[in-house]
Protein chains: 2
Amino acid sequence: MADVKSDIEIARAAKKKPILEIGAKLGIPAEHLLPYGHDKAKISAEFIAEQKGKKNGKLILVTAINPTPAGEGKTTTTVGLGDGLNRIGKKAITCIREASLGPCFGVKGGAAGGGYAQVVPMEDMNLHFTGDFHAITSAHNLLSALIDNHIYWGNEQNIDIRRIAWRRVMDMNDRALRHIVGSLGGVANGYPRETGFDITVASEVMAILCLSMDLKDLEKRLGNIIIGYRRDKSPVFARDIKADGAMTVLLKDAMQPNLVQTLENNPAFVHGGPFANIAHGCNSVVATTTALKLADYVVTEAGFGADLGAEKFFDIKCRKAGLKPDAAVIVATVRAMKMNGGIKKDELGKENIEAVRKGCANLGRHVQNVKKFGVPVVVAINHFTSDTDAEIQAVKDFVATLGAEAILCKHWAEGSAGIEPLARKVVELAESGLSQFSPLYPDEMPLFQKIETIAKDIYHAGEVIADKSVRDQLRIWEEQGYGNLPVCMAKTQYSFSTDPNLRGAPSGHTVPVREVRLSAGAGFVVVITGEIMTMPGLPKVPSSEKIFLNEQGYIEGLF
Amino acid sequence: MADVKSDIEIARAAKKKPILEIGAKLGIPAEHLLPYGHDKAKISAEFIAEQKGKKNGKLILVTAINPTPAGEGKTTTTVGLGDGLNRIGKKAITCIREASLGPCFGVKGGAAGGGYAQVVPMEDMNLHFTGDFHAITSAHNLLSALIDNHIYWGNEQNIDIRRIAWRRVMDMNDRALRHIVGSLGGVANGYPRETGFDITVASEVMAILCLSMDLKDLEKRLGNIIIGYRRDKSPVFARDIKADGAMTVLLKDAMQPNLVQTLENNPAFVHGGPFANIAHGCNSVVATTTALKLADYVVTEAGFGADLGAEKFFDIKCRKAGLKPDAAVIVATVRAMKMNGGIKKDELGKENIEAVRKGCANLGRHVQNVKKFGVPVVVAINHFTSDTDAEIQAVKDFVATLGAEAILCKHWAEGSAGIEPLARKVVELAESGLSQFSPLYPDEMPLFQKIETIAKDIYHAGEVIADKSVRDQLRIWEEQGYGNLPVCMAKTQYSFSTDPNLRGAPSGHTVPVREVRLSAGAGFVVVITGEIMTMPGLPKVPSSEKIFLNEQGYIEGLF
């Protein structure tokens, strides 16, 4: 297999078109594209505002089974499907999330797709890109600094320093910052207190940016952030310490979607944060809604698995932005089915139809879950060269028993030509008018009941447990008028349960709620379950050890 | 004075030329300019490498008196002089530093000049610009995370966790992060230990980026960073934990100088970090040396006052990069002379020749200091409308007694037309061949003696005091082979002494050395004196409170 190229080699060999040309295909005039290099551009707020009132294209969600170390290829399939739709004559835009630097130096694969279904420039995308995440980090930490500064200079708002709800963020996997005591060292450094850092994607500022319709909406939401509470438990808002204006200024450019291209020179909007395990993890509302005005088809991703990604896409993003998805694709691989069926990674090369059948339980659960939202589903089998025909047929047969279809996709090796059948099926589903989208629960359901609904209907848990302090906190927020918000579950991506080792389709398990956090600006309540961390760590041998510039000045080791 | 426009209004009304056109004037082909928007571009490493061996233009340093709340206008004069030299027919490039976000939300004025002597786009320059500081922050904090991660997974290098020398950084004024205890919260978060954050400009990575000749040099220096010591006090380097490659990848684009333009459409290279009070605070070596290949005249700044800025420019940057400055300009204002003469800010409007004369002692000291480096000096009086003729004459008369000339400059109000006389004088000095530059002390002088030399010859201190632990530390570094490095003083910018309230030209004071830090990658020893902080705080009413986007989408309050 000497001719199998790495993702980065394929990306480096890409024949990119000037980004202005890609924009022109979508009808975006050059003066509304702010270039970052020759292959990236931000789309102006003016152009976006002008699109209002135009007809929307069809919205297709790509989500996946629970991830395994075997790899699924959700982003790869999202990009491939966008190319495939363009290939069969539909004007399609791919809308994916930006990459976080943290996992880039840890273990995770790239965020730009893979093989012949990639978005380029992949190196930039996996590093600083257009600086959006840095801007979010700055805006978040400006607010943090202003809070401690407000207290330092007399605490006019009477913030209870034991009840500060706003932490700091860094776009890095750094476990040492999870829990710190700050303001040590004497009078000049303020009042010592416990606090900590989350990774930037988990920042409420990230969620606000992803859910805001425009800069005005962004500023209002930033002002609504609750930074802490007074002794009487009344909330103190970011606007109370006059932080919202400067934060908006810092986010002015980050708010604009980034236009790049696929290897096949089709447009992609890369905007918003990943990590649906700890955040809501969707492409930004402004990117998706703008794409819908410019294309017949918009393909967007939500992951990791559909239990987290699709649920939040439907219950948070679509609910809040009034979006109505027309079809959903669930990505699965034969290898991942085998791992879900109990096979170890080093035995994946051997045919094992029984294990595939056993592992299909995980896929089946996701198919049924997505149907609960009223959206028609198709399964994409992302092909690996080691898959046998019998194994593939086993997946297809299983999916057929659910009243759905599973289609083999070879976009990784062949680009759009390999994914034409899926593209045609997606068009058939989207144009059937079958979609009857509605969120899982109504706004007016009490917060704890929302958590239980997701846990029972989506995770198939037996019960949700939480300390009295957590339940009391939810009740106080309901009394303060936040009861109508959706919940944003933070849970391991590896299982329907809170135990990352429990593969397949477990039932009757217990979901322990460890902590709840109110994101009043973003408009949801974060529910932290099990042992999920909002600041990841690095592995024993971080991938950063193998990343370097080679003699030609090219980046090596970045995937 | 209804027609006096604010800096931001003037900047917003600028008739900018496309940045490719500015580059073309310098002979930089479009393919070697990486655009960031239409008005900023990075210059490629290939183009820079091709310039080697070409003849250098003249190098002019602009520095200043000790800053006062009255404002001096060092950057304004640097930009004005660049425009002035272009006006009189010299091909000139202005080389200034990038702005830090921290003070932008605190109290400081912009870093892009002022009035009709500005670099544009000033809003971008004072915010994220091309992301260089964010890249430095990321590279620094990646190393920090890798250190704690190395210890967490078994500490193969046997780093003594009490002797970790590498902190974290943030581009923010945040006193709460100066001193923290990290890795709290149990086994999963590592080994609790004391640490803290500096502001990004104080990062050794910033200094390394500013002093490196190219990416290879950068990588080598990053590898040379000492992250801590073992129990036997032997140093552990960044390369020992394989951090240098990934850090270099993060800094790949940040290493390239940024091309922008002045209001008069002359080229400016904006690259490297400010803050000569805690860092070395110079425009990057790669920007300055590249500019010298492309222009007859390169005007660069070093500040705050010449006691910090010029000393480090000469003793660190010029020494290390083999640069030979041809002339120096010291910026002073009548108002600052009055404040140095004991007048309060609210009384500056009244003519007071006696106070001007008294305050000139500060200016005189700087003139004599710069002469010690063998560089010819001219004083620029940056004109304020409230200055009286008699006050201006008093400054001129005083400077004449030192065998130098003081020239009134009206670039703030008039642009290049107002600074022609200074430009002509600078050309006269530079072309006279009078410059006999040499650093203040030789490489081989012991470290403590270097500190004493600067303290006595430049600050006019009576003595330097330091605890035994500080002296022992310096001696150990000498034994380890670091004795030949220059020292980088961290001292208040407001006085020749370590007491910020001591204006004028104090003598015989004591310089207390609080701490020393070895920057083995950058190639200097940081000497922290008095109460200077490497992480600033915000004032009671931070300027961020007045920064916002107005109805037209323009930034208000950013200066």
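On a predicted model such as this, the values are computed, not experimentally measured, just so you know.

## Some remarks on the packing of aromatic side chains
Consideration 1: A complete count under the given rule lists 10 aromatic pairs over all chains for this structure.
Consideration 2: Seen in terms of ring centroids, phenylalanine 197 of chain A and phenylalanine 197 of chain B are 5.5 Å apart; in terms of plane orientation they differ by 0°. Their pairing is stacked. Of the two residues, phenylalanine 197 of chain A sits in strand 11 (residues 197-199) while phenylalanine 197 of chain B sits in strand 11 (residues 197-199), which places them in two different chains.
Consideration 3: Judged by relative accessible area, phenylalanine 197 of chain A falls into the buried class, the value being 0%.
Consideration 4: Measuring from ring centre to ring centre gives 5.5 Å for phenylalanine 314 of chain A and phenylalanine 437 of chain A, while their planes differ by 40°; the resulting arrangement is tilted. Here phenylalanine 437 of chain A lies in the loop between helix 17 (420-431) and helix 18 (447-458) and phenylalanine 314 of chain A lies in helix 12 (residues 309-321), a separation of 123 residues in the sequence. Summarising the burial analysis for this pair, phenylalanine 314 of chain A and phenylalanine 437 of chain A share the class buried.
Consideration 5: Here the aromatic cluster, defined as three or more aromatic residues joined through ring pairs, consists of Phe313, Phe314, Phe373 and Phe437 of chain A.
Consideration 6: The ring of phenylalanine 448 of chain A carries the charged tip of arginine 471 of chain A above its face, separated from the ring centre by 4.2 Å.
Consideration 7: Its guanidinium or amino end placed over the ring of phenylalanine 496 of chain B, arginine 365 of chain B lies 4.8 Å from that ring's centre, counting from NZ or CZ.

## Looking at the packing of helix 7 (residues 132-152) of chain B against helix 8 (residues 204-211) of chain B
All names here are of chain B.
Consideration 1: Put simply, helix 7 and helix 8 touch, their axes get as near as 9 Å, and they point 125° apart. What the angle tells us is that helix 7 and helix 8 run oblique. In terms of crossing hand, the pair formed by helix 7 and helix 8 is right-handed. Taken together, the residues of helix 8 that come into contact with helix 7 (itself represented by Phe133, Ile136, Ala139 and His140) are Val205, Met206 and Leu209.
Consideration 2: In terms of residue class, the contact of helix 7 with helix 8 is made up of six nonpolar, one polar and no charged.

## Side note on the interface of chain B and chain A
Consideration 1: Opposite the 65 residues of chain B that make contact, chain A presents 65 residues.
Consideration 2: A buried area of about 5600 Å², summed over both sides, lies between chain B and chain A, and 66% of it is on carbon and sulfur atoms.
Consideration 3: The three residues of chain B that bury the most area against chain A are Arg175, Val249 and Leu549 of chain B, which together make up 11% of that side's buried surface.
Consideration 4: Counting every contact that joins chain B to chain A gives four salt bridges.
Consideration 5: Here glutamate 551 of chain A and lysine 216 of chain B are joined by a salt bridge, their closest N and O atoms 3.5 Å apart.
Consideration 6: Elements with a minimum of two residues in the side of chain B that touches chain A: strand 1 (33-35), helix 7, strand 8 (168-170), strand 9 (180-182), helix 9 (215-223), helix 10 (244-251) and strand 24 (548-549) of chain B.
Consideration 7: The dominant element in the side of chain B that touches chain A, judged by the number of residues it contributes, is helix 7 of chain B, at 10 residues.
Consideration 8: Across the side of chain B that touches chain A, the residue classes break down as 35 nonpolar, 18 polar and 12 charged.

## Quick look at the relation of the copies chain B and chain A
Consideration 1: You can overlay chain B on chain A at an RMSD of 0.0 Å; the transform is a turn of 180° with a shift of 0.0 Å along its axis. In the structure described here, the two chain copies are related by an operation that fits a two-fold rotation axis. Proximity to the rotation axis, assessed at the C-alpha, singles out tyrosine 36 of chain B in chain B; its C-alpha lies 2.3 Å from the axis.
Consideration 2: Of the residues that chain B buries at the interface, 100% are likewise interface residues in chain A, meaning the two copies contact each other through the same surface.

## Description of the side chain of aspartate 198 of chain B
All names here are of chain B.
Consideration 1: You can see aspartate 198 is positioned in strand 11.
Consideration 2: Given a relative accessible area of 6%, aspartate 198 falls into the buried group.
Consideration 3: One polar contact links aspartate 198 to arginine 167, side chain to side chain, over a distance of 3.0 Å.
Consideration 4: Apart from residues lying up to four places away in sequence, aspartate 198 is in contact with Arg167, Arg168, Val169, Met170, Arg517, Thr534 and Met535.

## A word on the UniProt feature "binding site: ATP" (unreviewed entry) in chain A
All names here are of chain A.
Consideration 1: The UniProt record annotates "binding site: ATP" (unreviewed entry) at Thr68, Pro69, Ala70, Gly71, Glu72, Gly73, Lys74 and Thr75.
Consideration 2: Mapped onto the elements, alanine 70 comes out in the loop between strand 3 (58-64) and helix 4 (74-87).
Consideration 3: Other than its neighbours up to four places away in sequence, alanine 70 contacts Arg335, Ala336, Met339, Leu348 and Phe384.
Consideration 4: Glutamate 72 has contacts with Ile65, Asn66, Pro67, Val331, Thr333, Ala336 and Asn382, leaving out every residue within four places of it along the chain.
Consideration 5: A distance of 2.9 Å separates a polar side-chain atom of glutamate 72 from the backbone nitrogen of threonine 68.

## Section: helix 12 of chain A
All names here are of chain A.
Consideration 1: Counted residue by residue, helix 12 has 12 buried out of 13 residues, so it is predominantly covered.
Consideration 2: Of the residues making up helix 12, those classed as buried are Gly309, Ala310, Glu311, Lys312, Phe313, Phe314, Asp315, Ile316, Lys317, Cys318, Arg319 and Ala321.
Consideration 3: Within two residues after helix 12, glycine 322 carries a phi angle of roughly 65°, on the positive side.

## With respect to the sheet that holds strand 23 (residues 524-529) of chain A
Backbone-to-backbone hydrogen bonds join strands into a sheet, with any given pair of strands oriented parallel or antiparallel.
All names here are of chain A.
Consideration 1: Pairing is mixed across the open sheet formed by four strands, whose spatial order is 20-22-23-21. Every other strand in the sheet has two partners, leaving strand 20 (463-466) and strand 21 (487-490) as the edge strands with one partner each. Taken over all neighbouring pairs, the strand axes of this sheet differ in orientation by 40° on average, direction set aside.
Consideration 2: As paired elements, strand 21 and strand 23 share four bridges and run parallel to each other. Looking at the pairing, methionine 489 lines up with valine 527 of strand 23.

## Some thoughts on helix 8 (residues 204-211) of chain A
Consideration 1: Burial analysis of helix 8 of chain A places eight of its eight residues in the buried class, the great majority of the element.
Consideration 2: Among all positions of helix 8 of chain A, only Glu204, Val205, Met206, Ala207, Ile208, Leu209, Cys210 and Leu211 of chain A are buried.

## Quick notes on the sheet that holds strand 20 (residues 463-466) of chain B
Residues and elements named next belong to chain B.
Consideration 1: The four strands are arranged 20-22-23-21 in an open sheet whose pairing can be described as mixed. Only two strands of the sheet have a single neighbouring strand rather than two, namely strand 20 and strand 21 (487-490). Averaged over all adjacent pairs, the angle separating strand axes in this sheet is 40°, with direction ignored.
Consideration 2: The sheet contacts of helix 19 (residues 468-482) involve strand 20, strand 22 (510-519) and strand 23 (524-529), and relative to strand 22 the element is tilted by about 40°.

## Thoughts on the domain arrangement of chain A
All names here are of chain A.
Consideration 1: What the domain assignment reports for chain A is domain 1 (7-131 + 254-432), domain 2 (132-251) and domain 3 (447-528).
Consideration 2: If you average the C-alpha positions of domain 2 and of domain 3, the two centres end up 24 Å apart.
Consideration 3: The partner domain 3 presents 11 residues to the 15 residues of domain 2 that form the contact.
Consideration 4: Summing both partners gives a buried area of about 880 Å² for domain 2 against domain 3, and 51% of it is carried by carbon and sulfur.
Consideration 5: Considering only the side of domain 2, the residues that lose the most area to domain 3 are Glu204, Ile226 and Tyr229, jointly responsible for 40% of the buried surface there.
Consideration 6: Counting every contact that joins domain 2 to domain 3 gives one salt bridge.

## Some details on the pairing of strand 19 (residues 406-409) of chain A
One face of the sheet, then the other: side chains in a regular strand alternate in exactly this way.
All names here are of chain A.
Consideration 1: The pairing of strand 18 (residues 377-382) with strand 19 spans four bridges and is parallel. When the sheet's bridge partners are listed, asparagine 382 is paired in strand 19 with cysteine 409.
Consideration 2: Handedness of the crossover joining strand 18 and strand 19 through helix 15 (residues 389-401): right-handed.

## Observations regarding the packing of helix 8 of chain B against helix 9 of chain B
Residue and element names in this part refer to chain B.
Consideration 1: In contact at an axis separation of 9 Å, helix 8 and helix 9 are set at 150° when each is read in the N-to-C sense. Considered as vectors, helix 8 and helix 9 are oriented roughly antiparallel to each other. Two packed elements cross with a definite hand, and for helix 8 against helix 9 that hand is right-handed. Of the residues in helix 9, those in contact with Val205, Ile208, Leu209 and Leu211 of helix 8 are Asp217, Leu218, Arg221 and Leu222.
Consideration 2: Its residues assigned to classes, the contact of helix 8 with helix 9 shows six nonpolar, no polar and two charged.

## A closer look at the pattern of salt bridges
All names here are of chain A.
Consideration 1: By the definition in use, this model includes 64 salt bridges over all chains.
Consideration 2: One salt bridge in this structure joins lysine 42 and aspartate 132, with 2.8 Å as the shortest N-O distance. Of this pair, lysine 42 sits in strand 2 (residues 41-43) while aspartate 132 is found in helix 7 (residues 132-152), placing the two residues 90 residues apart along the sequence. A single burial state applies to lysine 42 and to aspartate 132, both of which are buried.
Consideration 3: Of the charged contacts, one joins glutamate 428 and lysine 425 as a salt bridge, the two residues approaching to 3.3 Å between their closest N and O atoms. Note that glutamate 428 and lysine 425 are positioned in helix 17 at a spacing of three residues, about one turn of the helix.

## A look at empty space enclosed by the protein
Consideration 1: Throughout the structure, instances matching the rule amount to seven cavities of 30 Å³ or more.
Consideration 2: By volume, the largest cavity is sized at about 190 Å³.
Consideration 3: Lining the largest cavity are 16 residues, and of these His134 and Thr137 of chain A together with His134, Thr137 and Asn141 of chain B lie nearest its centre.
Consideration 4: Elements supplying a minimum of two residues to the lining of the largest cavity: helix 7 and strand 8 (168-170) of chain A together with helix 7 and strand 8 of chain B.
Consideration 5: Taken together, the residues of the lining of the largest cavity sort by class into six nonpolar, eight polar and two charged.

Quick notes on the rules
- Residues numbered from 1 in each chain as written.
- Chains lettered and ligands numbered in written order.
- Predicted model: local features only at pLDDT ≥ 70, side-chain atom pairs only at ≥ 80, totals over all residues.
- Heavy atoms only, no water.
- Phe/Tyr/Trp six-rings, centres within 6.5 Å; stacked < 30°, edge-to-face > 60°.
- Helix = DSSP H or I, 4+ residues; strand = E, 2+ residues; numbered from the N terminus.
- Buried < 20%, exposed > 50% of the residue type's maximum accessible area, 1.4 Å probe, protein only.
- Lys NZ or Arg CZ within 6 Å of the ring centre and 35° of its normal.
- Axes fitted to C-alpha atoms, helices over the stretch in contact; angles between N-to-C directions.
- Parallel < 35°, antiparallel > 145°, perpendicular 65-115°, else oblique.
- Left-handed = near helix turned anticlockwise from the far one by under 90°.
- Contact = heavy atoms within 4.5 Å.
- Nonpolar A, V, L, I, M, F, W, Y, C, P; charged D, E, K, R; others polar.
- Buried area = accessible area lost by both parts, 1.4 Å probe.
- Salt bridge = Lys/Arg side-chain N within 4 Å of Asp/Glu carboxyl O.
- Least-squares fit on C-alpha atoms with pLDDT ≥ 70 in both.
- Polar contact = N/O pair within 3.5 Å; in protein donor to acceptor, adjacent residues only side chain to side chain.
- UniProt positions renumbered as here; feature names shortened; annotations may be inferred.
- Pairing = 2+ DSSP bridges.
- Domains from an automatic or database assignment.
- Right-handed = clockwise from strand over helix to strand, strands pointing away.
- 1 Å grid on protein atoms, 1.4 Å probe; cavity = no way out; pocket = protein on both sides within 12 Å on 5 of 7 lines; lining within 4 Å.
- Points joined across faces, edges and corners; volume = space filled by probe spheres on them.

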